[in-house]
Amino acid sequence: MRDRNLKFRGIPESSEAYCAGPKTKRNDTTPRDIVASFPDTRTRDAILKKAREGGGFTYLTHNIQVPLGSRGKNTETLQLRKNLSPITTKHTECKFRFRWTSPCELMVIHQGTRFFAHNYDSGLTLLNSLDIKHDLPHRSPYGDSASRPSDPAHCWI
């Protein structure tokens, strides 16, 4: 059910909405984040796409933001994952487990050792160090070998 949820910031609180976070005495009038559940994930995905492209939207007179950390990934993270997709495909084919860590790195644990890749070149080095046979090109098929974002706070896994 969590995959259908999105968090919104900037919507005034009401009795009909579930607010994320504790209700505390605050000096500001900023409302708490509100969690919304969408029966149709296409609607949720369209909202996430708009949020990735540059921000929020206006509802009635309120400026609404969708914190990308709630369910989305920013453009830099998506590009990094796309660049590393041939690497992750090889890991999957060879039954190596991997995960995405912060700040935007691919991590593989093999025989108790952790290996990391943060761009296509380091992903190729990772494949070679794990003796995974491949015929991948020396350059990413998706353009430049972009590495993780310079600001880890903007990477949402």
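In the block above lies the structure referred to throughout.
Quick caveat, the model's predicted, so the values are computed rather than measured. (Residues numbered from 1 in each chain as written. Predicted model: local features only at pLDDT ≥ 70, side-chain atom pairs only at ≥ 80, totals over all residues. Heavy atoms only, no water.)

**Concerning the pairing of strand β8 (residues 113-117)**
Two elements, strand β7 (residues 105-110) and β8, share 5 bridges in a ladder whose sense is antiparallel. Across the sheet, residue His110 finds its bridge partner in β8, namely Thr113. (Pairing = 2+ DSSP bridges. Helix = DSSP H or I, 4+ residues; strand = E, 2+ residues; numbered from the N terminus.)

**Remarks on the sheet that holds β7**
Across the sheet, which stays open at both edges, the 3 strands sit in the order β6-β7-β8 with antiparallel pairing between neighbours. The open sheet has two free edges, formed respectively by β6 (98-101) and β8, since each of these has just one partner strand. With strand direction ignored, the average angle separating the axes of adjacent strands in the sheet is 30 degrees. Two strands pair when backbone bridges link them, and β6 and β7 are joined in this way by 4 bridges, in the antiparallel orientation. Opposite Thr101, over in β7, you have Glu105 as the bridge partner. Sheet contacts for helix α5 (residues 120-129): β7 and β8; angle to β8, the most-contacted strand, approximately 150 degrees. (Axes fitted to C-alpha atoms, helices over the stretch in contact; angles between N-to-C directions. Contact = heavy atoms within 4.5 Å.)

**Notes on the pattern of salt bridges**
In this structure the tally under the stated criterion is 3 salt bridges. Asp40 is the salt-bridge partner of Arg42, the closest N and O atoms lying 3.1 Å from each other. Under the relative-accessibility criterion, Arg42 is labelled exposed at 64%. (Salt bridge = Lys/Arg side-chain N within 4 Å of Asp/Glu carboxyl O. Buried < 20%, exposed > 50% of the residue type's maximum accessible area, 1.4 Å probe, protein only.)

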